[in-house]
Amino acid sequence: MEDKQQEQAGPSSLIDNTKQQITEKPSHNVSEDEEDEEELADHIKNGPFVPGPLLSLKEQIEKDKEDESLRRWKEKLLGCLESDLDGQLDPEVKFHSIGILSEDFGEIVTPLPVEDNQNGRTLFTLREGSRYQLKLQFSVMHNLVSGLTYSNTVWKGGLQVDQSKGMLGTFAPQKEPYVYALKEDTTPSGALARGVYSAKLKFEDDDKRCHMELKYLFEIKKSG
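Criteria and cut-off values
Residues numbered from 1 in each chain as written. Predicted model: local features only at pLDDT ≥ 70, side-chain atom pairs only at ≥ 80, totals over all residues. Heavy atoms only, no water. Helix = DSSP H or I, 4+ residues; strand = E, 2+ residues; numbered from the N terminus. Buried < 20%, exposed > 50% of the residue type's maximum accessible area, 1.4 Å probe, protein only. Contact = heavy atoms within 4.5 Å. pLDDT = per-residue confidence, 0-100. Core = buried A, V, L, I, M, F, W, Y, C linked by side-chain atoms within 4.5 Å. Phe/Tyr/Trp six-rings, centres within 6.5 Å; stacked < 30°, edge-to-face > 60°. Polar contact = N/O pair within 3.5 Å; in protein donor to acceptor, adjacent residues only side chain to side chain.

## A few points about the overall build of the protein
A count of helices and strands for the protein gives four helices and ten strands. In the protein, the succession of helices and strands from N to C terminus is α-α-α-α-β-β-β-β-β-β-β-β-β-β. Out of the 224 residues belonging to the protein, those deemed buried represent 29%. Restricting to contacts in the protein with at least 6 residues of sequence separation, those with at least 24 account for 68%.

## Overview of the confidence of the model for the protein
The predicted coordinates ought not to be read in detail in places where the model reports low pLDDT. Mean pLDDT for the protein: 75, with 58% of residues reaching 70 or above. Confidence drops under a pLDDT of 50 for residues 1-30, and excluding neighbours within four residues, the segment shows 14 contacts in the predicted structure.

## Brief notes about the nonpolar core
Of all hydrophobic cores here, the largest spans 33 residues; its most connected members are Phe138, Leu201, Phe203 and Tyr216. For this core, the elements supplying multiple residues, two or more each, are β1 (92-102), β3 (122-127), β4 (131-141), β5 (145-156), β6 (159-171), β9 (195-204) and β10 (210-221).

## Focus: the packing of aromatic side chains
The tally for this structure, following the rule as stated, stands at nine aromatic pairs. Judged by centre distance (5.6 Å) and plane angle (25°), the ring pair of Phe138 and Tyr178 falls under stacked. With Phe138 in strand β4 and Tyr178 in strand β7 (residues 178-181), this pair connects stretches of sequence that are 40 residues apart. Of the two residues, Phe138 and Tyr178, neither departs from the other in class, the shared state being buried. For the ring pair Phe171 and Tyr178, a centre distance of 4.8 Å and an interplane angle of 70° mean the geometry is edge-to-face. When sorted by exposure, Phe171 lands in the same class as Tyr178, which is buried. Taken together, the ring pairs connect Phe95, Phe138, Phe171, Tyr178 and Phe203 into an aromatic cluster.

## Focus: the environment of Thr187
Take Thr187: it is sitting in the loop between β8 (185-186) and β9. With 59 residues separating them in the primary sequence, Thr187 and Glu128 have C-alpha atoms 5.5 Å apart. A polar contact is formed between the side chain of Thr187 and the backbone oxygen of Arg127, at a distance of 2.8 Å. One polar contact links the side chain of Thr187 to the main-chain amide nitrogen of Ser130, over a distance of 3.0 Å.

Here it is as structure tokens:
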């Protein structure tokens, strides 16, 4: 519970307040303890707060169908039209490609999902001590996806050597795909750092729905 802000008072005001407390009965809001007791009593009497039903975006837009300006504002805010939506409640994130940006070779883009003949193959090779970024292209359908996060775990020789996590954010359905670059990273250096690595890239939302899990290989080679 937030602390109540009290106005500063001079000596005369304090005296008047003291007299008033002696001559008058205390009010219901005289202390936070009483407020807590009242809230507890209301909770017992009325039961816990129950949120309203989850609505699809289509239902939310249709609620204001008679208000043309509000409906258009919602469509503009969401980046989609009512005709593009269905009644599905759960959002769907479809990943189109994963790219690697590097000073070594510029950019390499791999379409998703990865074809069966590419499983177990090295998707890209980097020099030791080089900077790189992973870049994703994806679409959001049906409803807002909230709190989309990623985790990227890397192994070498069966041992986990790195793990990074991050927040992508909340995304609304729209016609054009989103393009998002993960934070820049630097490959390790030295003889022990060279070789082939296995990795797993995973995307989840606030409700722990897994929208993609990609296993891939990459190689770090000697610089120069």
